[in-house]
Amino acid sequence: MLQVEGLSVRFRHRHGAIMAVEDVSLDVQRGEIHGLVGESGAGKSTIGAAIMGLLPAAGEIASGTLTLGETDLRGLSPAQAHQLRGKRISMIFQDPQTSLNPLMTIEAQLIETIRAHEDISVDAARARAIALLEEIGIANAATRIRAWPHQFSGGMRQRVVIALSLCTGPDLIIADEPTTALDVAVQAQVLDLIQRLARTRGVGFILITHDIGVIAQVADRVTVLRGGRVVEQGPTAQVLGRPRQPYTRALMAAVPPLDQKLDRFRLPQVEGEAPAQTGAAQEAGDWLKAGDDRTAGPALDLSGITVRFQGERQGLFAKPAEFVALDGVSLSIRPGTVMGLVGESGSGKSTLAKVIAALVQPSAGDMRLDRVILPPMRSRARGHPSRRQVQMVFQDPYSSLNSRHRVIDILTEPLWLYGLEPNAARRDRLARSMLALVGLTPDAADRYPHQFSGGQRQRIAVARALLSRPGLLLCDEPTSALDVSIQAQILNLLKDMQGRFGLTTLFISHNLAVVRQMSDDIAVLKDGRLVETGPSEAFFAGPVADYSRDLLAQTPTVRFDQDAIPTGTEV
Amino acid sequence: MPERGRMAGLIRSEGLWLFTRSPAAILAAVVAVLIVAGAALAPWIAPTDPYDLASFSLMDGLLPPAWQDGGNPRFLLGTDDQGRDMLSSILFGARLSLSIAATAMAIALVLGVGLGLAAGYLGGRFDAVVMRIADVQLALPAILTALLIDGIARGVLPRDLHDDLRIAVITLAIALSLWVNFARTARASVFVERNKDYVQAAIMMGQHPVRIMLRHILPNIVGPLLVIATVDLASAILLEATLSFLGVGLPADSPSLGTLIRIGMQFLLSGEWWILWIPTIFLVVLVVAINLLGDFLRDLFNPGQR
């Protein structure tokens, strides 16, 4: 039905032009889900935009043909292309928070879309809209259709977006990362829905994703992209079952398995990143170990941690309702071990890390670091020893480093601040050596954060945390903003550092498979309450709480045989 | 080596590239640089010294510009009724106007950014008090503030001291009517930056609040502040000209651009057009050039509006 032949897309910029997509061919049949998978910059979304005719102003189709049925998509006038969009090709975007108009009811948005393409009465359009909502699994559609987008959860909203894309009966739907912003449980439901719609309605889907697990679950055919070129293409079972290209294998090797714990991810050497163990890193390694004679970090004990936030005011004179973010959470991390903390978005994972880091004031509970009281935010003095001992690696490496400071200034700051190294020249040397330890070249020191990729920035963030010579490391979703292969590298790095320097670690993630790779113990949070805690391997073998069991069951299990994946040299 | 790297970085930088593509910005920059250079070098390049009473003579009074009938090539832009060379008066006037405006802008910048940073970062009562003062300030027109301060200074200071301090009074008056812009912009930007992880990281490490404000947040909010500074420089020049025009600014013996325009007003209907129009056009060109530069900077820091 859709045929793309030799598509190349060029982006012009001030130094000339770059080819974002080169010579890509693919076809999508009715009722087929075609997965486009690749890491950031692979050109996935650009292909989708080219098919939609929605390339940004700087982009243009350099060559190739695009045909939908009998229609030549390149030959359309802007007005014809506009007619075609929505009518025959629809799109589902990543973030359901922003793809619905918050000022229009669901009803108004559906009716508007239907009537934009078909000349039917409002009542007929409403009947069609209600039928659609029922089809995509929204109960009581007749009443709920009058709701506003904010009254729906993220997963429901994404369903509504899908209903919007369906309401004109298109032949092709381009879904650009449709589940990336959703929790695992909801992701499974949305993927099921997409699969059902493809089967029952005969709609062709192009499913754009960075997550090879999503592809494995629903795609019939898959195209693996890298740097704008097709690496491998074919039926999903064949491509993922017997990958022929090293890149496909590497992509699969980087996916953390849920059903086993790997010592470390086996990855091919990545260009531009120095091997972790070099002479240059020796100094930083020795310095970290020289801090004190203990071999393991401190024990952390939390008891009854409760955090209440002031909620929204319901009326002018009503007292604002309280929102309980954490409700009596007690847990202990043994010295030198990794505690994995999992839960859905909004379960209070990050809040807990912030309470420990003194960024959020708990309303009750106490914390002890090696049995010594750890004061909460308001009473923790700036000079308190725990300021140095407790360090954090943040989720978003794009905002956790000050973009106006050079890397060397970012790294030497803790050394200076905590008085760890009085000599400026030696601070400088240590920082450079630390860069080598986290696998960056020492010349990285003189550059600014924006000159690095996400993974490299996260390495810098880890280096900064280590330069405080911490005992307790808080990692708040340190890899969720990164591509899988980069995620695997950062997880390897964190594992190495944790093991080598005996750091007590709290590792937060929404991804159970990632947590399994990292943790010795595990704690599950739901709506601010601790549901279950215990040794990690026992948890994955047989969780006790119902909620944990659900969580595990809903996590997509993509089983790539790790041993069958031959990779290049090990890092 | 690092110097070369920085130069290369500048040449390759987005800003310079956009600059070369914007004829308005180039023209504005050239005009602004010429005027500022002319003003700064006035004592050396001006044909005569308008402050030196001995250097001009009533005999040369009311000569039209050199290109008109009866013009004298010695006085390129003509002379006023006292026989002062208009070109020299304008150069010296611009020198005075620009230095008052720049000083006032600098005071407003330091005061406004300091208060705005602290208000945004500390929040709470301090924020409330500072911003209410800012609201009150904003409710008063700039001219009124300036007149008020000038009036108070007249009342409080003895007459001769007030005359000596006139420049200081007018500078302060302008600064006080401009600081609010800086404070509000700085505060709004701090609100955005404060929740970013790099600030959270600094707070977590236990860094001193002053260090966090100045070393971590300030460098990240200079963009919008720079835009305000440019636009406010133009406002400051206009404000000074207005005050001088109204007679509360600088006296006739040390004429700024506004004073020159006030003097020129007397000749508006008498045929000696150059005495009024040349300083007026000069002032307009200067302000437009600075505003164009400000617009360019605003576009540069708001890529969304490009």
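One can find the structure itself at the top, above this paragraph.
The structure reproduced in this document is the subject of the present report. (Residues numbered from 1 in each chain as written. Chains lettered and ligands numbered in written order. Predicted model: local features only at pLDDT ≥ 70, side-chain atom pairs only at ≥ 80, totals over all residues.)

1. A few points about the overall build of chain A
Stage number 1. Each helix and strand in chain A was counted, giving 21 helices and 20 strands.
Stage number 2. In terms of overall size, chain A behaves like a compact globule, its C-alpha atoms giving a radius of gyration of 26 Å where 571 residues would be expected to give roughly 25 Å.
Stage number 3. Overall size of chain A, expressed as C-alpha extent along the three principal axes, is 75 × 60 × 45 Å.
Stage number 4. Of all intrachain contacts in chain A linking residues separated by at least 6 positions in sequence, the fraction that spans at least 24 positions is 71%. (Helix = DSSP H or I, 4+ residues; strand = E, 2+ residues; numbered from the N terminus. Rg over C-alpha atoms; globule rule 2.2 N^0.38 Å. Contact = placed C-beta atoms within 7 Å.)

2. Comments concerning the overall build of chain B
Stage number 1. Counting its regular elements, chain B contains 13 helices and zero strands.
Stage number 2. Along chain B, from the amino end to the carboxyl end, the secondary structure elements read α-α-α-α-α-α-α-α-α-α-α-α-α.
Stage number 3. Per-residue burial over chain B gives 42% buried out of 306 residues. (Buried ≥ 20, exposed ≤ 12 C-beta atoms within 10 Å, placed from the backbone.)

3. Here we look at the nonpolar core
Stage number 1. One finds Met434, Val462 and Leu474 of chain A to be the most contacted residues of the largest nonpolar core, which totals 243 residues.
Stage number 2. The element that contributes the greatest number of residues to this core is helix α5 (residues 86–122) of chain B, accounting for 20 residues.
Stage number 3. For methionine 434 of chain A, the residues in contact, after removing those within four places along its chain, are Ala284, Leu411, Ala463, Leu466 and Leu467 of chain A. (Core = buried A, V, L, I, M, F, W, Y, C linked by C-beta atoms within 7 Å.)

4. Let's talk about the pairing of strand β20 (residues 529–535) of chain A
All names here are of chain A.
Stage number 1. Pairing analysis gives six bridges linking strand β19 (residues 521–526) to β20, with the strands arranged antiparallel. Bridge pairing in β20 links isoleucine 522 to glycine 534.
Stage number 2. Between the antiparallel neighbours β19 and β20 lie two residues, among them aspartate 527 with a positive phi of about 45°. (Pairing = 2+ DSSP bridges.)

5. Comments concerning helix α12 (residues 279–290) of chain A
An α-helix turns once every 3.6 residues. As a result, residues three or four positions apart point the same way.
Residue and element names in this part refer to chain A.
Stage number 1. Spanning twelve residues, α12 covers 17 Å between terminal C-alpha atoms, matching the ideal 16 Å at 1.5 Å per step.
Stage number 2. Within the sequence span of α12, burial applies to Ala281, Ala284 and Trp287. Considered in projection along α12, the buried side chains sweep an arc of 120° and stay on one side of the axis. Residues of α12 that are exposed and point more than 90 degrees away from the buried face comprise Gly279, Asp286 and Ala290.
Stage number 3. Looking at the buried positions of α12, the neighbouring elements they touch are α16 (424–437). (Expected span 1.5 Å × (residues − 1). Arc of directions from axis to C-beta.)

6. Considerations on helix α11 (residues 209–246) of chain B
Residue and element names in this part refer to chain B.
Stage number 1. The first and last C-alpha atoms of α11 sit only 45 Å apart over 38 residues, clearly below the 56 Å expected at 1.5 Å per residue.
Stage number 2. At leucine 218, α11 shows its maximal bend, which comes to roughly 60°, and the proline proline 219 appears one to four places after that position.
Stage number 3. Glycine 247 sits one or two positions beyond α11 and adopts a positive phi of about 95°. (Bend = angle between axes of the 7 residues up to and from the residue.)

7. A short note on the sheet that holds strand β11 (residues 300–310) of chain A
Residues and elements named next belong to chain A.
Stage number 1. Spatially, the four strands line up as an open sheet ordered β12-β11-β14-β15, and their pairing is antiparallel. In this open sheet, the two edge strands, each paired with only one partner strand, are β12 (322–333) and β15 (372–374). Strand-to-strand, the axes of this sheet are offset by a mean angle of 30°, without reference to chain direction.
Stage number 2. The sheet contact formed by β11 and strand β14 (residues 364–369) spans five bridges and is antiparallel. Residue aspartate 301 lies in a different strand from β14, and its bridge partner there is arginine 368. (Axes fitted to C-alpha atoms, helices over the stretch in contact; angles between N-to-C directions.)

8. Examining the interface of chain A and chain B
One frequent convention defines the size of an interface as the accessible area lost when the parts assemble.
Stage number 1. Contacts between the two partners involve 19 residues from chain A, matched on the other side by 15 residues from chain B.
Stage number 2. The residue makeup of the side of chain A that touches chain B, split by class, is eight nonpolar, six polar and five charged. (Nonpolar A, V, L, I, M, F, W, Y, C, P; charged D, E, K, R; others polar.)

9. Regarding the pairing of strand β13 (residues 338–342) of chain A
All names here are of chain A.
Stage number 1. Burial runs high along β13: five of the five residues are buried.
Stage number 2. Of the two faces of β13, the one carrying Val338, Gly340 and Val342 and the one carrying Met339 and Leu341 are both buried.
Stage number 3. Across four bridges, β13 lies against β19 in parallel orientation. Bridge pairing links leucine 341 to alanine 523 in β19.

10. Focus on the sheet that holds strand β2 (residues 16–28) of chain A
Residues and elements named next belong to chain A.
Stage number 1. Taking strand neighbours across the sheet as the criterion, the four strands line up as β2-β1-β4-β5 in an open arrangement whose pairing is antiparallel. With partners counted over all chains shown, the strands left at the sheet margins are β2 and β5 (71–72), one partner each.
Stage number 2. Judged from the nine bridges that link them, strand β1 (residues 2–13) and β2 form a sheet pairing that is antiparallel. By the bridge assignment for β2, histidine 13 is matched with glycine 16.
Stage number 3. Most of the contacts of helix α1 (residues 44–52) go to β1, to which it runs at about 110°, and overall it touches β1, β2 and β4 (59–68).

Read these as spatial facts, not as claims about activity.
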